[in-house]
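A closer look at the structure
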Amino acid sequence: MPASARRRTRRPGPVVTILAALGLALLVLPLLGLLLRAPWGELPRLLASTEVLQALGLSLLTASLSTLASLVLGIPLAVLLAHSVAWSVVPRRLLRAVITIPMVLPPVVGGIALLLLLGRRGVLGQWLAEVGVTLPFTTGAVVIAQTFVAMPFLVFAVEGALRSADRRSELAAASLGASRAQVFRLVTLPLVAPGIGAGAVLCFTRALGEFGATITFAGSFPGVTRTLPIASYLAMNSDPDTAIALALLLLAVSLAVLLALRDRWLPGVVR
Amino acid sequence: MSLLEIDLVVPRDAFDVVARLEVPSGRALALVGPNGSGKSTVLGAIAGLVAATGTLRLDGRDLAGLPAESRGIGLVFQDLLLFPHLSVRDNVAFPARVRGSARAAARAAADPWLDRFDLRDLADRHPGALSGGQAQRVALARALASQPAVLVLDEPMTSLDVEIRDEVRADLARDIRAFDGPTIVVSHDVADAALADEVAVLERGRIVQRGTLAQLAAAPATPWVRRFTR
Amino acid sequence: MRRSALPAVVAGVVLLAGCAAPAPTAEPDALAGTVTVLAAASLAGPLDELAAAFEDTHPGVDVVISYGGSSALAEQIVSGSPVDVFFSANEATMATVADAGLAVDPEVLLTNVLQIAVPPGNPGGVTGLADFADADLTIALCDPAVPCGSAAEKLFAATGITPSADTLEEDVKAALTKVALGEVDAALVYVTDVIAAGDEVDGIEVPEAADAVNRYPIARLSGAPNADAAHAFVDLAASAAGIRFFTDAGFGTP
């Protein structure tokens, strides 16, 4: 195709443009409403309050720990999932379905499930209680709840990277004298790194925004388990200004994470 | 002066691939045959990337039990398989890095190869920004930079535009002649037989004829050989 | 063609006019449409029964109830949600709506007292309110931002006990669920919740709670989409027959 013809690619038609504009409006206008109604004058005072700072600190800590846990457990799981193409149909589909479930389950249901497993009377929880380990109402429970809902995002992102990266590069590396460890370090990891980065960002922001599973399994106590979303929801009852301030904070942190990791480590995810 | 003696069997679904070949140092053998006859399988077995039974002797030493990274077989893949995340220079420097050189030393070791294959100007480009002919030169430079004892090329012309094949083939023939050790070129194209001193024909996993192109043309052992040499 | 259609059109217009204009004093069968009620979560069971009785008397009416934390519901109304009736769990949240000029004639109908809820068998060995200060027990309370929590706060202040809570829930049902699941040793909830939970929880009375009673006001709203039906609904709730639904469930009267 001559260069001039390539440049003249057909623009989207009117129907597509209108629907796309509506879709964009749906996504952008609520945020705009939030920004327009925010009590900007009050913001410094609101953001400096103990409850807000506690919630912010707790959210950042737990989301980071959840992302770490998701990397440690999720990358091997993604490797397994990528390998499962060699399995027979039923186990392969089962594995994929099981990993998908936390993404589609209503978070509160996930929280209840965690409670039934790890609560004081839970299937595993009762044994843990016997050795003196109780999980509900602890910060650890928050990390578990967040990891439960957020890890699948990382698993699928890394699996996608593993599948699309040309793994035959590993064969080339071997033919050039690279040992298995060298292949992993010099070829596989760099090829998959962008996918891991993208997965980690998705995982972090999902963990940051997690509400239903956390409040059901871990409860809600300032400084221990009351993360930003939970604090915001509670504040809606009595103090909408604080609720808005908390919401803005969540928005700002998520945007900061996305922007800080753009391009340098995630070419193609966020330009 | 080394001798490569291949005696490998690779079981496959439809038939076993049985390769019994010898290639002396400094000589090139073209392994030809119809698609699906097992040519790439033979290459994979020689390189250690495909499981096989039998022996693979180089100067009497059996490589068959060694993993791919220890065999010293330089392989130029049909799809070239350049590392997309590395520049041309780093691709060619890869074998040195693998042998333990630090990044700077490996890059210095790659420079002579870049010069020899006229890749200096392309040194900082990434494989995605190369033409077919350029990428092939990089793949060959990289394979030779690993200082292999044996050189194997899998369908070297297929990734190239038809117009440039003759020119590239001439350069490749020169490079193969310059290589000390035994060389095997796999192809289904009779024009590539000109890269080698001898031709072996593989059909349905068996060597059915071996000789110079002229010998094959004069007395084709099978209908395929007759069509091939026409 | 047009001549024969005219009588039908006239008849249609008359019929429509008859339906659109409500009679000044609504007779039971003239009420129609939907009545939207926002009510405190603790009213759930008995209010559903009241609504069913109302629908039986007024077949043309559909009662739609949305339960939640009274404070959150009050905020919804103040933000402009089109609601007919508000039935809240404390006077402070009703005041929020009244201060915005939206509540018409609020009237306190019910009272509720706090009671301790424990898992069946009382595994934590809770005997009274003083145990809520025990850091070794796992305790759930409502957050002070919601009516149940502010009542609890007043109660603790009045009795001089500093509670050691492990979680401050957003609504009383959430606290109760944690008791029912055995995840906490005790929670402070309403007596009506303990009754409603039946065998799932045991209740322990708090004698001091009689001094910190929650008062439940009801009001129809000035912006009610269905003013007449709203009025009738509030009247029914306030009547002796209506109140009985609630007293049967453990509520008191002022």
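Residues numbered from 1 in each chain as written. Chains lettered and ligands numbered in written order. Predicted model: local features only at pLDDT ≥ 70, side-chain atom pairs only at ≥ 80, totals over all residues.

With that settled, the discussion passes to the environment of V206 of chain C. Residue and element names in this part refer to chain C. Within the fold, V206 resides in the loop between β9 (202-204) and β10 (214-221). A C-alpha to C-alpha distance of 9.8 Å links V206 and V191, two positions 15 residues apart in sequence. Those residues in contact with V206, other than ones at most four positions away along the chain, are L114, Q115, I116 and L129. (Helix = DSSP H or I, 4+ residues; strand = E, 2+ residues; numbered from the N terminus. Contact = placed C-beta atoms within 7 Å.)

This part is about the pairing of strand β2 (residues 17-24) of chain B. All names here are of chain B. Only one face of β2 is covered, namely the face carrying V17, A19, L21 and V23; the face carrying V18, R20, E22 and P24 is uncovered. Judged from the 8 bridges that link them, strand β1 (residues 3-10) and β2 form a sheet pairing that is antiparallel. Within β2, the position partnered with V10 by the bridge is V17. The antiparallel hairpin formed by β1 and β2 contains 6 residues in its connecting segment. (Buried ≥ 20, exposed ≤ 12 C-beta atoms within 10 Å, placed from the backbone. Pairing = 2+ DSSP bridges.)

You'll often see interface size given as the accessible area lost when the parts meet. Residue and element names in this part refer to chain C. Examined at the domain level, chain C breaks down into domain 1 (26-111 + 215-247) and domain 2 (114-211). Placing a centre on the C-alpha atoms of domain 1 and another on those of domain 2 gives a separation of 27 Å. Each partner contributes residues to the interface: domain 1 has 11 residues there, and domain 2 has 13 residues. Here the side of domain 1 that touches domain 2 is built from residues that sort into 3 nonpolar, 8 polar and no charged. (Domains from an automatic or database assignment. Nonpolar A, V, L, I, M, F, W, Y, C, P; charged D, E, K, R; others polar.)

Moving on to the interface of chain A and chain C. Each partner contributes to the interface: chain A provides 16 residues, whereas chain C provides 17 residues. In terms of residue count, helix α12 (residues 228-238) of chain A provides more of the side of chain A that touches chain C than any other element does, 5 residues in total. In the side of chain A that touches chain C, the residues fall into 8 nonpolar, 6 polar and 2 charged.

Here we take up unusual backbone geometry. Residues and elements named next belong to chain B. You will see that Q147, though not glycine, has its phi angle at about 50°, which is positive. Structurally, Q147 is set in the loop between α4 (132-145) and β7 (150-154). Given 14 C-beta atoms within 10 Å, Q147 falls into the partly exposed group. Here the phi dihedral of E155 falls at roughly 45°; this positive angle occurs in a residue that is not glycine. For E155, a count of 19 C-beta atoms within 10 Å gives the class partly exposed.

Turning our eyes to something else, we now look at the sheet that holds strand β4 (residues 53-58) of chain B. Residue and element names in this part refer to chain B. In spatial order, the strands read β2-β1-β4-β5; together these 4 strands make up an open sheet with antiparallel pairing. Unpaired on one side and paired on the other, β2 and β5 (61-62) mark the two borders of the sheet. For β1 and β4, the ladder comprises 6 bridges, and the chain directions are antiparallel. Of the residues in β4, the one forming a bridge with L8 is G54.

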